[in-house]
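# Structural characterization, general
The residues making up each chain are set out below.
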Amino acid sequence: MIEDAAEIVCGACGAVVDRLMDSRPNRAFTPEQSQARARTGPPTSVRFHDGGMGTMITAPRGDLSGEKQRELFNLRKWQQRVRVSDATERNLAIALSELSKLAGALSLPPNILDTASVIYRRAIKKRMIRGRSIANIVGASLYLSCRQCGVPRSLDEIAALAMTTKKELGRSFRFMVRALDIVVPPSRNANYAAQFSNRLAISGKAEGIAIRILKKAQQMKLTSGRGPAGIAAASTYIATVLTNERKTQREIAETANVTEVTIRNRYRELLERLTLVVPL
DNA sequence: AAGACGAAAGTGGTTGA
DNA sequence: TCAACAACTTTCGTCTT
């Protein structure tokens, strides 16, 4: 674990594990406490290029001596230079705000956003942005973050909102994995199954069965090399059949963003290799 | 008539010489 | 740079409910 400002970051994968600083406002019950506990501004965060420190030195007003005024003027000038005039800083500021827009649009929780922010910072530090567009690096950071945290989001979904293509996003993603040598866990397809079950409004029982099927499939090495969505969709389909909550292949195919044929192929493989002991 | 099934050809991307 | 390759899609005809 490495402590990075206000977040605890996993050194191996870059995931933001926890925050050191409390994000709740300090409570104060008496005037004395309010003096002692006062804190100006929100806690710091990797999400902002300056750590969330909004400090600005304002323009000097007229009631100061000439000397003081000049001094303040210089301070202000330097702070602005340090703050955003540096090209890298400006890039970071723009990118991080893009990142949080994206994460919002995909309704991803804050820890995903934080992890992605950390990844993005590492990318910048390694000067990896040459040629590549901000949209791609931002998207790839977010995708990486999702993978690490086991949140099922596809390249397609992110590419659509990040104003880029699946192809380019995928390329940036692979590039970043290599350059930052991040360990990316394989997609947890159980999470996909859970997501599909939610979207299809399927019972918890069926969802459980789907996940059990997936586990079995994984043990039997039926999952390697296959798209996680397809297998999860097939398992979900089997589960709905077993529990008499049958959904059409078309319905499942649509929510899973794969075709019926792919579902059928996975489904067939699963039936062939899995002796389904059906505990109803 | 709608859904399930599967064969065959096509697509876009990776890999390795 | 090119060909082989794997995963997946598209399309379409046939069977099942």
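Rules of the game
- Residues numbered from 1 in each chain as written.
- Chains lettered and ligands numbered in written order.
- Predicted model: local features only at pLDDT ≥ 70, side-chain atom pairs only at ≥ 80, totals over all residues.
- Heavy atoms only, no water.
- Buried < 20%, exposed > 50% of the residue type's maximum accessible area, 1.4 Å probe, protein only.
- Near = heavy atom within 4 Å.
- Polar contact = N/O pair within 3.5 Å; in protein donor to acceptor, adjacent residues only side chain to side chain.
- Helix = DSSP H or I, 4+ residues; strand = E, 2+ residues; numbered from the N terminus.
- Nonpolar A, V, L, I, M, F, W, Y, C, P; charged D, E, K, R; others polar.
- Phe/Tyr/Trp six-rings, centres within 6.5 Å; stacked < 30°, edge-to-face > 60°.
- Salt bridge = Lys/Arg side-chain N within 4 Å of Asp/Glu carboxyl O.

Even without glycine at this site, Ser-107 takes up a positive phi of about 45°. On the basis of relative accessible area, Ser-107 is assigned to the exposed category, the value being 58%. A positive phi angle, near 55°, is found at Ala-201, a position not held by glycine. The exposure class of Ala-201 is exposed, given its relative accessible area of 64%.

Close to DNA strand B lie Lys-167, Arg-174, Tyr-237, Arg-246, Lys-247, Thr-248, Gln-249, Arg-264, Tyr-267 and Arg-268, which account for all nearby residues. Sugar plus phosphate, as a fraction of atoms of DNA strand B within 4 Å of the protein: 61%. The contact in question runs from a phosphate oxygen of DNA strand B to an N or O atom on the side chain of Gln-249, over 2.4 Å. Contact between DNA strand B and Arg-264: a base oxygen at 2.9 Å from a side-chain N or O atom of the residue. Looking at the surface near DNA strand B, the elements with two or more residues in it are helix 7 (166–179) and helix 12 (260–273). Across the surface near DNA strand B, the residue classes tally to 2 nonpolar, 2 polar and 6 charged.

So, on to the packing of aromatic side chains. Within the structure shown, the criterion is met by 3 aromatic pairs. Aromatic side chains Tyr-192 and Phe-196 sit 6.2 Å apart centroid to centroid with 55° between the ring planes, which places their arrangement in the tilted category. Of the two residues, Tyr-192 and Phe-196 both sit in helix 8 (residues 189–200), 4 residues apart, roughly one turn of that helix. Residues Tyr-192 and Phe-196 agree in their burial class; the two are buried. Relative to Tyr-267, the ring of Tyr-237 lies with its centre 5.2 Å away and its plane at 80°, an arrangement referred to as edge-to-face. Pair noted here: Tyr-237 is in helix 10 (residues 228–242) and Tyr-267 is in helix 12, with a separation of 30 residues, a long-range link. The class of Tyr-267 is partly exposed, set by a relative accessible area of 26%.

What follows covers the pattern of salt bridges. All chains considered together, the criterion is met by 6 salt bridges. Note that Glu-254 and Arg-250 form a salt bridge whose closest N and O atoms lie 3.0 Å from each other. Residue Glu-254 and its partner Arg-250 are both found in helix 11 (residues 249–256); the two are separated by 4 residues, about one turn of the helix. Overall, Arg-250 belongs to the partly exposed group, its relative accessible area being 43%. Its salt-bridge partner being Glu-269, residue Arg-266 comes within 3.3 Å of it at the nearest N-O pair. Taken together, the residues span about one helical turn, with Arg-266 and Glu-269 both in helix 12 at a distance of 3 residues. Assessed through its relative accessible area of 14%, Arg-266 is described here as buried. Counted as one network, the salt bridges with shared partners bring together Arg-250, Glu-254 and Glu-260.

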